[in-house]
Amino acid sequence: MSNAPRTLVFDLDGTLIHSAPDLAAALNKVLREAKRDSVTLHQVTQMIGDGVAKLVERGFAATGGVHDNSARWLERFHDHYNNATANLPASAD
């Protein structure tokens, strides 16, 4: 038996899966709940980086300024994102 360490690393920043559409959908749901305009997928791809809290902050900044109840909106983002179905192509049966 080998003493070599077994390691599996996933880099989920969009290089293995294209998560930007799901991130954009969740962010836009939050923005609509806050009575803000939606942002485009292109805008969201430019906002990605530094974590989800920054993404939500940037979404609010792009649509009228940072909201004073950011913890609530971050929680709502997680709710939407965790309940979303991944944007996977439909299988051909």
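Predicted, not measured: the structure shown is a model, and the values here were computed from it.

1. Observations concerning the environment of Ala-71
Mapped onto the elements, Ala-71 comes out in helix 4 (residues 70-82). Using a relative accessible area of 57% as the deciding quantity, one classes Ala-71 as exposed. In this structure the C-alpha to C-alpha distance between Ala-71 and Val-56, which are 15 residues apart in sequence, comes to 9.8 Å.

2. Section: unusual backbone geometry
The phi dihedral of Lys-35 is positive, around 65 degrees, even though this residue is not glycine. Examined against the element boundaries, Lys-35 turns out to sit in the loop between helix 1 (20-33) and helix 2 (41-47). Taking the relative accessible area as the measure of exposure, Lys-35 reaches 75% and is therefore exposed.

3. So, the nonpolar core
Of all hydrophobic cores here, the largest spans 15 residues; its most connected members are Leu-27, Val-44, Leu-55, Phe-60 and Phe-77. Every element with two or more residues in this core is listed here: helix 1, helix 2, helix 3 (52-62) and helix 4. Ranked by residues supplied to this core, first place goes to helix 1 with 6 residues. Setting aside its immediate chain neighbours within four residues, Phe-77 contacts Leu-23, Ala-26, Leu-27, Val-30, Val-52, Leu-55 and Val-56.

4. Concerning the confidence of the model for the chain
Per-residue confidence for the chain gives a mean pLDDT of 84, with 77% of residues at or over 70. Throughout residues 87-93 the model reports pLDDT below 50, and contacts reaching past four residues in sequence, or to other chains, amount to 2 contacts.

5. Focus on the pattern of salt bridges
Enumeration over the complete set of coordinates arrives at 4 salt bridges. The residue Glu-33 makes a salt bridge to Arg-76 at a minimum N-O spacing of 2.9 Å. Pair noted here: Glu-33 is in helix 1 and Arg-76 is in helix 4, with a separation of 43 residues, a long-range link. Here Arg-58 ties to Asp-50 by a salt bridge, and the two come within 2.8 Å at their closest N and O atoms. Under the relative-accessibility criterion, Arg-58 is labelled partly exposed at 26%. Salt bridges sharing common partners tie together Glu-33, Arg-76 and Asp-79.

6. Structural notes on the packing of helix 1 against helix 4
As a packed pair, helix 1 and helix 4 sit with axes 9 Å apart at the nearest point and diverge in direction by 135 degrees. By the angle class used here, helix 1 and helix 4 are oblique. The way helix 1 lies across helix 4 gives a crossing that is right-handed. Where helix 1 approaches helix 4, its residues Asp-22, Leu-23, Ala-26, Leu-27, Lys-29, Val-30 and Glu-33 are matched on the opposing element by Trp-73, Arg-76, Phe-77, His-80 and Tyr-81.

Calculation notes
Residues numbered from 1 in each chain as written. Predicted model: local features only at pLDDT ≥ 70, side-chain atom pairs only at ≥ 80, totals over all residues. Heavy atoms only, no water. Helix = DSSP H or I, 4+ residues; strand = E, 2+ residues; numbered from the N terminus. Buried < 20%, exposed > 50% of the residue type's maximum accessible area, 1.4 Å probe, protein only. Core = buried A, V, L, I, M, F, W, Y, C linked by side-chain atoms within 4.5 Å. Contact = heavy atoms within 4.5 Å. pLDDT = per-residue confidence, 0-100. Salt bridge = Lys/Arg side-chain N within 4 Å of Asp/Glu carboxyl O. Axes fitted to C-alpha atoms, helices over the stretch in contact; angles between N-to-C directions. Parallel < 35°, antiparallel > 145°, perpendicular 65-115°, else oblique. Left-handed = near helix turned anticlockwise from the far one by under 90°.

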